[in-house]
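Chain by chain, the residues:
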Amino acid sequence: MNIDLEGIGLRLHNYRKTKGLSQKSLAENTGIERTYISRVENGMPPSFDFMLKLTKSFDISVDWLLSGEGQMNFKDKANLLSIVDHDYLQLIETISKLSEDKKKKFIPIFLNLLDD
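Residues numbered from 1 in each chain as written. Predicted model: local features only at pLDDT ≥ 70, side-chain atom pairs only at ≥ 80, totals over all residues. Heavy atoms only, no water.

Trainee: Hey, could you run me through the overall build of the protein chain in this one?
Mentor: In terms of helices and strands, the protein chain carries seven helices and zero strands. Moving toward the C terminus, one meets the helices and strands of the protein chain in the order α-α-α-α-α-α-α. Across the 116 residues in the protein chain, those meeting the buried criterion constitute 42%. Expressed as a percentage of contacts within the protein chain between residues at least 6 apart in sequence, the contacts between residues at least 24 apart total 51%. With an accessible surface of roughly 6,700 Å², the protein chain has 50% of that area assigned to carbon and sulfur atoms. (Helix = DSSP H or I, 4+ residues; strand = E, 2+ residues; numbered from the N terminus. Buried < 20%, exposed > 50% of the residue type's maximum accessible area, 1.4 Å probe, protein only. Contact = heavy atoms within 4.5 Å. Areas by Shrake-Rupley, 256 points an atom, 1.4 Å probe, with all protein chains shown as cover.)

Trainee: Mind showing me how you'd approach the environment of Ser47 here?
Mentor: The topology assignment puts Ser47 in the loop between helix H3 (34-41) and helix H4 (48-57). Taking the relative accessible area as the measure of exposure, Ser47 reaches 12% and is therefore buried. Sequence separation between Ser47 and Glu93 is 46 residues; the distance between their C-alpha atoms is 4.7 Å. Contacts of Ser47, omitting those with residues within four sequence positions, involve Tyr36, Glu93 and Ser96.

Trainee: Please clarify how the packing of helix H2 (residues 23-30) against H4 should be interpreted in this entry.
Mentor: Axis angle and axis distance: for two packed helices, these are the angle between their axes and the distance between the axes, and together they describe the pair. The geometry of H2 relative to H4 is characterised by a closest axis approach of 9 Å and an angle of 90° between their N-to-C directions. With respect to H4, the axis of H2 lies roughly perpendicular. Across from Leu26, Asn29 and Thr30 in H2, the residues of H4 making contact are Lys53, Leu54 and Ser57. Tallied by class, residues from the contact of H2 with H4 come to two nonpolar, three polar and one charged. (Axes fitted to C-alpha atoms, helices over the stretch in contact; angles between N-to-C directions. Parallel < 35°, antiparallel > 145°, perpendicular 65-115°, else oblique. Nonpolar A, V, L, I, M, F, W, Y, C, P; charged D, E, K, R; others polar.)

Trainee: Is there a simple way to explain the nonpolar core in this structure?
Mentor: For soluble globular proteins, the rule of thumb is that nonpolar side chains tend to be buried together. Counting residues in each nonpolar core, the largest one holds 28 residues, and the members touching the most others are Leu12, Phe50, Leu54 and Leu65. Elements with a contribution of two residues or more to this core: helix H1 (5-18), H2, H3, H4, helix H5 (62-67), helix H6 (86-96) and helix H7 (100-115). Each residue touching Leu12, except ones within four places of it in the same chain, is listed here: Leu26, Ile37, Val40, Glu41, Phe50, Leu54 and Leu65. (Core = buried A, V, L, I, M, F, W, Y, C linked by side-chain atoms within 4.5 Å.)

Trainee: What should I look at first to understand H2 in this one?
Mentor: By the burial criterion, the buried members of H2 are Gln23, Ser25, Leu26, Ala27 and Thr30. Those residues of H2 that are buried are in contact with H1, H3 and H4. Just downstream of H2 lies Gly31, where phi reads positive at about 80°.

Trainee: It is not clear to me how the environment of Met72 should be interpreted in this structure. Could you clarify?
Mentor: With respect to the secondary-structure elements, Met72 resides in the loop between H5 and H6. Met72 gets classed as partly exposed once you look at its relative accessible area, which sits at 23%. Each C-alpha atom of the pair Met72 and Ser61 lies 5.5 Å from the other, and the pair is eleven residues apart in sequence. Every residue in contact with Met72, bar those within four places of it in the chain, is listed here: Tyr15, Thr18, Asp59, Ile60, Ser61 and Trp64.

Here it is, written out as structure tokens:
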């Protein structure tokens, strides 16, 4: 699986709209701050905790959210996180902890490495 950092926010936004949810209602259903949802939809990489809360509350596929590959919905929630490589989730967690300035510097470098 290739992680598409730039597309995570767009896919989250599309998923939310497909389900007819506002950011506020998504926040209420997941326990995630509405402002955090907004930041992810606007390009901030999500934290591991965000991914856990989202997948526990909805049938969204982590694989699809991170990479755009596969199906949007995941029917077997019990095995949901087991299909995502732990290293990918750790990478996202690490990136989410960077300052905004460091993220702006890191993400283009990271994406450039993927093109090689």
